[in-house]
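Understanding the architecture of this molecule
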Amino acid sequence: MFQVDRPKNKLRRLEERKFSDLQLREREHLQEWLADMPEALGEELLVIQKEFDGFADTRERLDLLALDKDGQLVVIENKLDDSGRDVVWQAIKYAAYCSNLKKAEIIDIFQQYLDRYCGGGNASALICEFLDEVELDSVVLNPGNQQRVMFIAANFRKEVTSTVMWLLGHGIRAQCFRVVPYTFSEELFVDLQQIIPTPEAADFMIGMASKETEEKSAQGAQRRSHKLRLEFWERALDALREQGLSRYQNISPTKDHWLSSGTGVSGCVYSLIFGKGEARVELSLQRSSRDENKWIYDQLEAARPAIDDAFGAEMDWRRMEDKKSSRVQFSKSFDGFNRESWPEMIRWLGVHVEKLETAFTAPLSELNNRLKSGEAGK
């Protein structure tokens, strides 16, 4: 670090020192500096306690406890000249202890801090002011498991920095700040810089960790839904075959939410749909030619009253102008991911796919002959 001598237009090197050489102490000096000016850590923080030891069945105490602008708790650990080997383990323990703190407990902790160190004050009002909330009922404190940890030291051991990087990669917001004292003549300076993650990379790393967590969760949910669908279709196919629906004799269960069978017309299929909130039967027109799909749909829709009557209910007719395909469907609400609903769902699908065949077999056969004669598109 350098001082600029403006009259001489030169730099003067400041002497890097050790806290121990300057007889500066963690609790009496660094901790007090940060408690008085927490924004030195690069963001707005509200210190709510120091030397906090309010953990059940343990006499351990953390250096500083703060709130960030999102209402998350921030554990701040100070280690002066050397981080030591165990600082990460200590901070993780403290964060775990703090994860159970409720809103009323946090307010009480802050009130004790105000009464002891600040000459009093209204903890609830100050928290509302800090979080830009009008009333306490709107304030959310310490939500979920998003507690944060900050480490401050002049030097960090490799085992500490490696662990912090690992924590960041797993979505835990951990930061390392390098604090170094400098002297020039009788003046004392302190340089406090975030080194892990670098400020420029912080949002990116947090975002990537969040994305990876989200993807893992989605992949797990997807695997569970695939297993569930496969099991459902195994049961459904057994029931459909027992019902005598020959078109399902050679169809295998899948992990997809749909199961299709041919109608006798190329590119036109009957589909059974297994959804989380519904079961559905549908005629799907998905030939390679959009014009042919729309022509078949239009011919069928012209006979819609008779087809609906043959089916036994008014179906949902969807030409779908923005897509190549079209379909006609009929659905019913079910709790599809509840296995207790499956027997009724399967019976419903069996009954209504038969009705679908009854309603569409003759019209589709006639349209197929007209397609072969080249009538479509004329």
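Residues numbered from 1 in each chain as written. Predicted model: local features only at pLDDT ≥ 70, side-chain atom pairs only at ≥ 80, totals over all residues. Heavy atoms only, no water.

Observations concerning the packing of aromatic side chains
Which entries qualify depends on this criterion: Classification of ring pairs rests on two measures: the distance between centres of Phe, Tyr or Trp rings, Trp counted by its six-membered ring, which must be within 6.5 Å, and the angle between planes, read as stacked under 30 degrees, edge-to-face over 60 and tilted in between. Labels follow the DSSP assignment, with helices taken as runs of H or I lasting at least four residues and strands as runs of E lasting at least two, numbered in each case from the N terminus. Each residue's exposure class comes from its accessible area (1.4 Å probe, protein chains only) as a fraction of the maximum for that residue type: buried when under 20%, exposed when over 50%, partly exposed otherwise. Counting as a charge over the ring demands two things of the Lys NZ or Arg CZ atom: a distance within 6 Å of the ring centre and an angle within 35 degrees of the ring normal.
Applying the stated rule across the entire model yields 14 aromatic pairs. Here F232 and W342 contribute two aromatic rings whose centre-to-centre distance is 5.4 Å and whose plane-to-plane angle is 80°, an arrangement assigned as edge-to-face. In this pair, F232 is assigned in helix α6 (residues 199–242) and W342 in helix α9 (residues 342–372), connecting sequence segments 110 residues apart. Here F232 matches W342 in class, with each residue buried. Relative to W317, the ring of Y297 lies with its centre 6.0 Å away and its plane at 70°, an arrangement referred to as edge-to-face. Note that Y297 is positioned in helix α7 (residues 290–302) and W317 in strand β13 (residues 316–318), a separation of 20 residues in sequence. Here Y297 matches W317 in class, with each residue buried. An aromatic cluster of at least three residues, connected via ring pairs, comprises F232, W233, F274, F337 and W342. Above the face of the F130 ring, K69 is positioned so that its terminal group lies 4.6 Å from the ring centre.

Considering α7
Rules: Helices are assigned an expected span. That span is 1.5 Å times one less than the residue count.
The end-to-end C-alpha separation of α7 is 18 Å, in line with the 18 Å expected for 13 residues at 1.5 Å each. Every buried residue of α7 is accounted for by N293, K294, W295, I296, Y297 and L300.

So, the pairing of strand β8 (residues 174–184)
Definition in use: Only strands that DSSP links by at least two bridges are regarded as paired with each other.
Summarising burial for β8: nine of the eleven residues are buried, a large majority. Two elements, strand β3 (residues 15–16) and β8, share two bridges in a ladder whose sense is antiparallel. The residue of β8 that forms the bridge with E15 is T183. Bridge count for strand β7 (residues 148–153) against β8 is five bridges, and the pairing is parallel. Residue V149 lies in a different strand from β8, and its bridge partner there is A174.

Some remarks on a nonpolar patch on the surface
Here is the rule we go by: Note that patches include only residues with greater than 30% relative accessible area and no salt bridge, and the join distances are 9 Å for like charges and 5 Å for nonpolar side chains (Val, Leu, Ile, Met, Phe, Trp, Tyr). For the accessible areas, the method is Shrake-Rupley and the probe is 1.4 Å, while residue cover comes only from the protein chains on display. A side-chain nitrogen of Lys or Arg and a carboxyl oxygen of Asp or Glu constitute a salt bridge if their distance falls within 4 Å.
On the surface, a cluster of nonpolar side chains totalling about 310 Å² of accessible area is made up of F2, V4 and L11. Assessed through its relative accessible area of 57%, L11 is described here as exposed.

Here we look at the pattern of salt bridges
Tallying each qualifying case throughout the model produces 27 salt bridges. E32 is the salt-bridge partner of K50, the closest N and O atoms lying 2.8 Å from each other. Of this pair, K50 sits in strand β4 (residues 46–52) while E32 sits in helix α1 (residues 26–36), and the two are 18 residues apart along the sequence. Taking the relative accessible area as the measure of exposure, K50 reaches 9% and is therefore buried. Taking the relative accessible area as the measure of exposure, E32 reaches 32% and is therefore partly exposed. Residues joined in a network through salt bridges with shared partners are R27, E51, D53 and R61.

Some thoughts on the sheet that holds β13
Heads up, the condition is: Only the contacting stretch of a helix is used when fitting its axis, a line to C-alpha atoms as for every element, and angles between N-to-C directions run 0 to 180 degrees.
The strand order across the open sheet built from five strands is β10-β11-β12-β14-β13, with neighbouring strands paired in antiparallel fashion. With partners counted over all chains shown, the strands left at the sheet margins are β10 (258–262) and β13, one partner each. Strand-to-strand twist across the sheet, computed as the mean angle between neighbouring axes with direction ignored, equals 20°. Pairing geometry for strand β11 (residues 268–274) and strand β12 (residues 278–285), over seven bridges, is antiparallel. Within β12, the residue paired with V269 across the bridge is S284.

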